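# Architecture at a glance
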Amino acid sequence: MLATAHRLRRSDDFASTIRTGRRAGRGSVVVHLTVPAEFAEPDEPVRSGVLPVRAGFVVSKAVGSAVTRNTVKRRLRHLVRDRLADLPPGSTLVVRALPAAADQPYARLGTDLDAALAAARSPRRPARTTGGRRE
């Protein structure tokens, strides 16, 4: 279980994180991560005790029955709880389970979550330019 200070509860918080956060999908999960501006660079030292990292979960009916959805959500909550300390203070994270998450073993969910978080935290590549002139 996540502590109350680490939970996203309001739909506005979910919506803003999904709308403005970096999105990365790997395997059976998609993460949306919003990092405060002062921690945007991954090499910058992290200041301790500023704001709690908050996380929320989206598990739709496409994942399965209520029992299956709750099992997936419980597993994801447990996996995220162990990874909150690795995120910059004040970050918000939304983890969306894809239908494949219902059939994944716990270890595979952890691997997918780690890969998605790493991709969301990596610096963005500049947009491609064709180099030609448009007329």
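Scroll up to find the structure this text is about.
Here we summarise the structure given alongside this text.

Here is what the cut-offs are and how they apply
- Residues numbered from 1 in each chain as written.
- Predicted model: local features only at pLDDT ≥ 70, side-chain atom pairs only at ≥ 80, totals over all residues.
- Heavy atoms only, no water.
- Helix = DSSP H or I, 4+ residues; strand = E, 2+ residues; numbered from the N terminus.
- Buried < 20%, exposed > 50% of the residue type's maximum accessible area, 1.4 Å probe, protein only.
- Contact = heavy atoms within 4.5 Å.
- Polar contact = N/O pair within 3.5 Å; in protein donor to acceptor, adjacent residues only side chain to side chain.

### A closer look at the side chain of aspartate 13
Along the chain, aspartate 13 turns up in helix 1 (residues 11–20). By relative accessible area, aspartate 13 is classed as buried at 14%. Contact partners of aspartate 13, with chain neighbours within four places excluded, come to Leu8 and Arg54.

### Digging into the side chain of serine 28
Tracing the sequence through the fold places serine 28 in the loop between strand 1 (22–26) and strand 2 (29–34). With relative accessibility at 0%, the residue serine 28 sits in the buried group. A polar atom in the side chain of serine 28 sits 2.9 Å from the side chain of aspartate 112. If sequence neighbours within four positions are ignored, serine 28 has contacts with Arg96, Ala97, Leu98, Ala100, Ala101, Gln104, Leu109 and Asp112.

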